[in-house]
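Chain residues, written in single-letter form:
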Amino acid sequence: MRILLTGSSGWLGSELEPRLKALGHDVIGLDPVASARTQVVGSIADRDLVLKIVRDNRIEAIIHSGALHKPNIEHRENADFVATNVQGTLNLLDAATKYGVQRFVFTSTTSLMISQAIRAGFQGGARKAAWLTEEMSPEPRNIYGVTKLSAEHLCRLYNIEHGLPVVVLRTARFFPEADDMAHAIEQSDANTKANELLFRRLTVEDAAEAHVAALEKTPQLGFDTFIISAPTPFQPEDCVELIANAPSVVARYFPDYPRLYARKGWTMFSSIDRVYDPSRARERLGFVCQTSFADVLAALEAGA
C-alpha cells in the first residue's frame, strides 16, 4: 500500500517506517523535523499540505502517530496542542475521506485515561489500584489528554459519517526518556522501566508491531479502540494488595524476581496504583506484545 506516516522522525515513527517498507509498502513520512525517515518536512496542522500529500501520492492508508506530547506541555501553548492534535487529525481525516483512503490508524495514549479524580486517588492513598480497560469513560486531566481524546472522537465520527475504517491504539509508555516524576522515584531509570512492564509499559518495537497489526485488521474491524501495553500478570482481584504491598503480589507471580533483583541491586515499587489491561487487543486485534516482565527476568538470569 501507499502509506502516509505522520510523526515519521519520532521515536515510534523511526521504528515503524522501516518495518512498513520491509513489508513492501511505499511510505511517505511527514514530520516537522527532518530525518532519514521523513520525505516531507511539515506540519499536519498545514491543511493544504496534508491534502496535497494525500492527493498527489494517491495514499491508500494513513498511520497517524504525529502529535504534541505530554512533555511539550511545559513550553507550548494550549492552542498549539489544539492545532496539532485536533486540527491536524481533522485535516488528515478530511483528506482521507476526500481522496479515498481505506485505512486509518491513530496513535492515542493511555495517559488520557487518568482523570484528575484518579490522579488524586493515587496521591491521596487510594484503597486499591485502578484496573483500566477501554470500557471506561475518560476524563483527561491535561491539555495533552483532552486533545488526544478529542482526536479519538473525530476518528469515531468519521467512521460513523463516512464509513472510514479506523483503529485507535491507546499506547502505554514506550518513550526512552526518564519518567517526568523521576525525582520522586527511588529506582534507577532501567529499574523503573522494568517494573513498569508489569502494568504500564511496552517496548517501542512492540508499539511499532501493534501498528502493523492494526493496519492489517482495520478494514474488518471498522472502528475499534485498543489499549496496547505489555501483558500484565495481574488480575483485578490483585488491586487491593497491589496498593498495599506490590512486591508480595509480584513475588507470587514471579517467585525468582527477589533473587534476581537483589543481584542487580534493583527494587520493586512498594505500591502499584494502576494496571492497563491489554486483553481486548489480544482478543480482537490478535496482538500481544512480545516483550514482558518475564523477559526482563530471563535477561537478568542470563547475566544481562
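Residues numbered from 1 in each chain as written. Predicted model: local features only at pLDDT ≥ 70, side-chain atom pairs only at ≥ 80, totals over all residues. Heavy atoms only, no water.

**Focus: the environment of asparagine 245**
The condition is simple: Strands here are runs of E lasting at least two residues and helices are runs of H or I lasting at least four, both read from the DSSP assignment and numbered beginning at the N terminus.
Relative to the helices and strands, asparagine 245 is located in helix H8 (residues 239-253). Separated by 24 residues in the primary sequence, asparagine 245 and phenylalanine 269 have C-alpha atoms spaced 8.8 Å apart.

**Section: the packing of helix H9 (residues 257-264) against helix H11 (residues 293-301)**
Formally: Axis lines are fitted to C-alpha atoms, over the contacting stretch for helices. Their N-to-C directions set the angle, which ranges from 0 to 180 degrees. In what follows, roughly perpendicular refers to angles from 65 to 115 degrees, roughly parallel to angles under 35, roughly antiparallel to angles over 145, and oblique to any angle outside these ranges. Two helices crossing with the near one rotated counterclockwise from the far one by less than a right angle form a left-handed crossing, whereas a clockwise rotation gives a right-handed crossing. Any two residues whose heavy atoms approach within 4.5 Å are treated as being in contact. Gly is placed with the polar residues, together with every amino acid not listed as nonpolar (Ala, Val, Leu, Ile, Met, Phe, Trp, Tyr, Cys and Pro) or charged (Asp, Glu, Lys and Arg).
Packing of H9 against H11 brings their axes to within 10 Å, and their N-to-C directions diverge by 55 degrees. The pairing of H9 with H11 is recorded here as oblique in orientation. With respect to the hand of their crossing, H9 and H11 are arranged in left-handed fashion. Within the contact between the two elements, H9 uses Tyr257, Arg259, Leu260, Tyr261, Arg263 and Lys264 and H11 uses Phe293, Leu297, Leu300 and Glu301. When the residues that make up the contact of H9 with H11 are grouped by side-chain class, the tally is 6 nonpolar, no polar and 4 charged.

**Thoughts on the packing of helix H2 (residues 47-56) against helix H3 (residues 78-98)**
Contact geometry of H2 with H3 gives a least axis separation of 9 Å together with a crossing angle of 35 degrees. Crossing handedness for the pair H2 and H3: right-handed. Touching Arg47, Val50, Leu51 and Val54 of H2 are Gln87, Leu90, Asn91, Leu92, Asp94, Ala95 and Lys98, all from H3. Here the residues of the contact of H2 with H3 sort into 6 nonpolar, 2 polar and 3 charged.

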